[in-house]
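Chain and residue survey
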Amino acid sequence: MADAVKPDVQAPVRVRIAPSPTGNLHVGTARTALFNYLFAKACGGKFILRIEDTDTERSLAQYTQNIYDSLRALGLSWDEGPDVGGEYAPYTQMERLAIYQQWADALLKADLAYYSYETEAELESAREAAKAAKTAYVYQAPSSERLAEMAADSSRTRSLRFRIPRTAPGETNQLVLQDIIRGPIEFDLDLIGDFVIMKSNGVPTYNFAVVVDDALMKISHVIRGEDHISNTPKQILLHQAFASLKLSPVAMPAFAHVGMILSADRSKLSKRHGATAVSEFIQQGYLPEAFCNFLSLLGWSAPDGQEVASLSHIASQFSLERIAHSPAIFDREKLNWLNKQYIRQLPLAELLERSKPYLKDFDLTQYDNARLEMILDAVREPITTLADLPEAVIYFFGEKVIYDAQLVGDVLMTAEATQVLQAALTSWATRLDFTNPDALAVELKAFIAEQAPLKTKAVMWPLRVALSGRTSGADLSKLLYILGKDRVMTRLETALTLVSASFA
Ligand code: GLU
């Protein structure tokens, strides 16, 4: 049995996130980035960003930008990367083609790789034949005569394949991956065909480039999604080949494969379930730090059991051993719950800044910052996301209140309510000081007491409904202060007109 080369556990911790810029930063990639970041922080190591853009048809600069922006929004800053540089630059694969070529040439020279010439159609028909025979498709290297024949055919292009070490017929050809999270995983190498490492256009394949880069960038631990388990034996073999040629400056990295993130129906998280990109969640009004906190709980749990925690606290608790190998369920309710906690705790000045993009349909200049902060403080308790804000603050803006017929009927259409509104309309303009919130609270209390024998609620409700169209929301004296004298008096008048029109 062939054993995997043991990773050097003494090596300084250097981990990486290596996204392909073929889409906006996906929730799954963000969670992988977070685990790498946390592990680096927990060990005093380095967190590296590498852009894997060898899929030239699907890679776009706008996605690279989205990856930068989303990671930064989540607070996951990197120590080395394309935009910040570092000792092992460049950190973008398409800028490293000459390096891959050099390493490919070394494999070729050592006969650990060879050129192959099959056309796509020939490969496809071999795959079809395997399917028809109900066997797993494994690339079969042609005989040396056939290879020479194909090489002589100038209509063919060549790609470089890695030669999988083979055992004598009848002998097992196994490789064991010692996964940090999942324990030993065995692979039968006879089920893996010699695979392409350099395409005919000089661009490396993922499995090749990733190993060259992980070796040169001295990556100590590869932490990634379990969807990459099947790639790992190929990568281990390449690491072993580079070690045998003394190309790698370091030993093989250790591998840790994290369980997938599934949707509530246990299927793979996909567009079908709504947002899958971090930037979409942020647009929907989730606070990046709440979202990051949520991601940390997808497949990991803190030993201290604290669920709402800052990134630095999570890092102080983090270890790979506590990562689950079973899939994590993307629980929207939990995300909502966490986001609520964060919205409630955010300092008001900060909440105001973060809220502005969601309130762009309102003319915020009509209030000073102190009043805007009071508005947010008054409405933030029940909201789930910042996108709920427009609906929550609407009654503070504009001259008109939107009255609900049912509420008007239930709360305003009584003799008592009319009496309260009338009393407020005649006395407030002169007796209430709308510029002093503390005095206003005291004066309002006195006004309510004077309405006895009416109970407090019987006084407050009609006033609330008249002023805001709702029975809940901001504290009444705050509502008066924020709206200001003119708006309050106009709204009282409008409500009274509404009531008397129906009584008439
Ligand atoms: N570019 C690969 C991906 O985005 C990286 C996988 C890995 O971490 O090795 O899935």
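The structure we're discussing is the one just above.
In what follows, the accompanying structure is described. Here the structure is a predicted model, which means the values were calculated and not measured. (Residues numbered from 1 in each chain as written. Predicted model: local features only at pLDDT ≥ 70, side-chain atom pairs only at ≥ 80, totals over all residues. Heavy atoms only, no water.)

**What to know about the packing of helix α16 (residues 415–431) against helix α18 (residues 456–468)**
Rules: A fitted line through C-alpha atoms serves as each axis, taken over the contacting stretch for helices, and the angle formed by two N-to-C directions is quoted from 0 to 180°. A run of H or I in DSSP becomes a helix once it reaches four residues, and a run of E becomes a strand once it reaches two; helices and strands are each numbered from the N terminus. Note that the term roughly parallel is reserved for angles under 35 degrees, roughly antiparallel for angles over 145, roughly perpendicular for angles of 65 to 115, and oblique for everything else. When checking whether two residues touch, look at their non-hydrogen atoms; a contact exists if any pair is within 4.5 Å. Only Asp, Glu, Lys and Arg are considered charged, only Ala, Val, Leu, Ile, Met, Phe, Trp, Tyr, Cys and Pro nonpolar, and every remaining residue, Gly among them, polar.
Running from N to C, α16 and α18 point in directions that differ by 70°, and their axes come no closer than 9 Å. Judged by the inter-axis angle, α16 sits roughly perpendicular to α18. For the pair α16 and α18, contact is made by A417, V420, L421, A424 and W428 and by A458, V459, P462, L463, A466 and L467, respectively. Tallied by class, the residues present in the contact of α16 with α18 amount to 11 nonpolar, no polar and no charged.

**A short note on the site of the ligand**
To keep things clear, this is the line we draw: Proximity is defined per residue: if any heavy atom of the residue lies within 4 Å of a molecule or strand, that residue is considered near it. Pairs of N or O atoms are called polar contacts if they sit within 3.5 Å, as long as, within protein, a hydrogen donor faces a hydrogen acceptor (for residues adjacent in sequence, only side-chain-to-side-chain pairs). Methods summary: accessible areas were calculated by the Shrake-Rupley approach with a probe of 1.4 Å, and residue burial reflects only the protein chains presented.
Lining the immediate surroundings of the ligand are R16, A18, P19, S20, E52, Y206, V210, R224 and H228. In the environment of the ligand, an oxygen atom lies 2.7 Å from a nitrogen or oxygen atom belonging to the side chain of R16. Between the ligand and S20 there is a distance of 3.1 Å, counted from a nitrogen atom to a side-chain nitrogen or oxygen. Taking 300 Å² as the accessible area of the ligand by itself, protein coverage stands at 80%.

**Some points on the pattern of salt bridges**
The line we're drawing: Here a salt bridge means any side-chain nitrogen of Lys or Arg lying within 4 Å of a carboxyl oxygen belonging to Asp or Glu. Throughout this description, buried means an accessible area under 20% of the type-specific maximum (1.4 Å probe, protein chains only), exposed means over 50%, and partly exposed covers the range between.
This model, assessed by the stated rule, comprises 27 salt bridges. Between R16 and D214 there is a salt bridge whose closest N-O contact spans 3.0 Å. Of this pair, R16 sits in strand β2 (residues 14–17) while D214 is found in helix α6 (residues 206–216), placing the two residues 198 residues apart along the sequence. One exposure class covers both R16 and D214, and it is buried.

**Thoughts on the environment of Y114**
Residue position: Y114 is located in strand β4 (residues 113–116). Sequence-wise, Y114 and Q283 are 169 residues apart; in three dimensions their C-alpha atoms are separated by 49 Å. Setting aside its immediate chain neighbours within four residues, Y114 contacts L108, Y139, A141, S159, L160, R161, R163 and D194.

**As for the layout of surface pockets**
The following threshold applies: Whether a set of points on the 1 Å grid over the protein atoms alone is a cavity depends on a 1.4 Å probe fitting there but being unable to get out, while an open set qualifies as a pocket with protein on both sides within 12 Å along at least five of seven lines; lining residues are those with an atom within 4 Å of a point. Grid points are joined across faces, edges and corners, and a volume is the space filled by probe spheres set on the points.
Computed from the structure, the largest pocket encloses a volume of approximately 880 Å³. Lining the largest pocket are 33 residues, with H26, G28, T29, D227 and H228 positioned closest to its centre. The set of elements that each furnish at least two residues to the lining of the largest pocket consists of β2, α1 (27–43), α6 and β9 (221–225). The element best represented in the lining of the largest pocket is α1, accounting for 4 residues. Classifying every residue of the lining of the largest pocket gives 12 nonpolar, 12 polar and 9 charged.

**Some details on the packing of helix α12 (residues 348–355) against helix α13 (residues 369–379)**
Between α12 and α13, the shortest axis-to-axis distance is 9 Å and the interhelical angle comes to 90°. Considering their axes alone, α12 and α13 lie roughly perpendicular with respect to each other. Residues L348, A349, L351, L352 and S355 of α12 lie in contact with α13, whose contacting residues are N369, L372, E373, L376 and D377. In terms of residue class, the contact of α12 with α13 is built from 6 nonpolar, 2 polar and 2 charged.

**A look at unusual backbone geometry**
With omega at -5°, the peptide bond leading from A89 into P90 counts as cis. Examined against the element boundaries, P90 turns out to sit in the loop between α2 (61–73) and α3 (97–109). In this model, A452 is joined to P453 through a cis peptide bond whose omega is 10°. Looking at the element boundaries, P453 is found in the loop between α17 (437–450) and α18. In this structure, K134 is a non-glycine residue whose phi angle is positive, near 55°. For K134, the location among the structural elements is in the loop between α4 (120–132) and α5 (144–152). Taking the relative accessible area as the measure of exposure, K134 reaches 76% and is therefore exposed. The phi angle at K218 is positive, at roughly 55°, despite the residue not being glycine.

**Side note on the side chain of Q317**
Mapped onto the secondary structure, Q317 falls in helix α10 (residues 311–317). Overall, the relative accessible area of 19% leaves Q317 in the buried class. A polar contact is formed between the side chain of Q317 and the backbone nitrogen of D304, at a distance of 3.2 Å. Those residues in contact with Q317 that sit more than four places away from it in its chain are W300, A302, P303 and D304.

**As for α2**
Threshold: Here the expected length of a helix is defined as 1.5 Å per residue gap, with one fewer gap than residues.
With 13 residues, α2 extends 18 Å from end C-alpha to end C-alpha; this agrees with the ideal 18 Å at 1.5 Å per step. Taken together, the buried positions of α2 are Y63, T64, N66, I67, Y68, S70 and L71. Against β2, α1, β3 (46–49) and α8 (278–283) lie the buried residues of α2. Downstream of α2 by one or two residues, G75 has phi in the positive range, about 90°.

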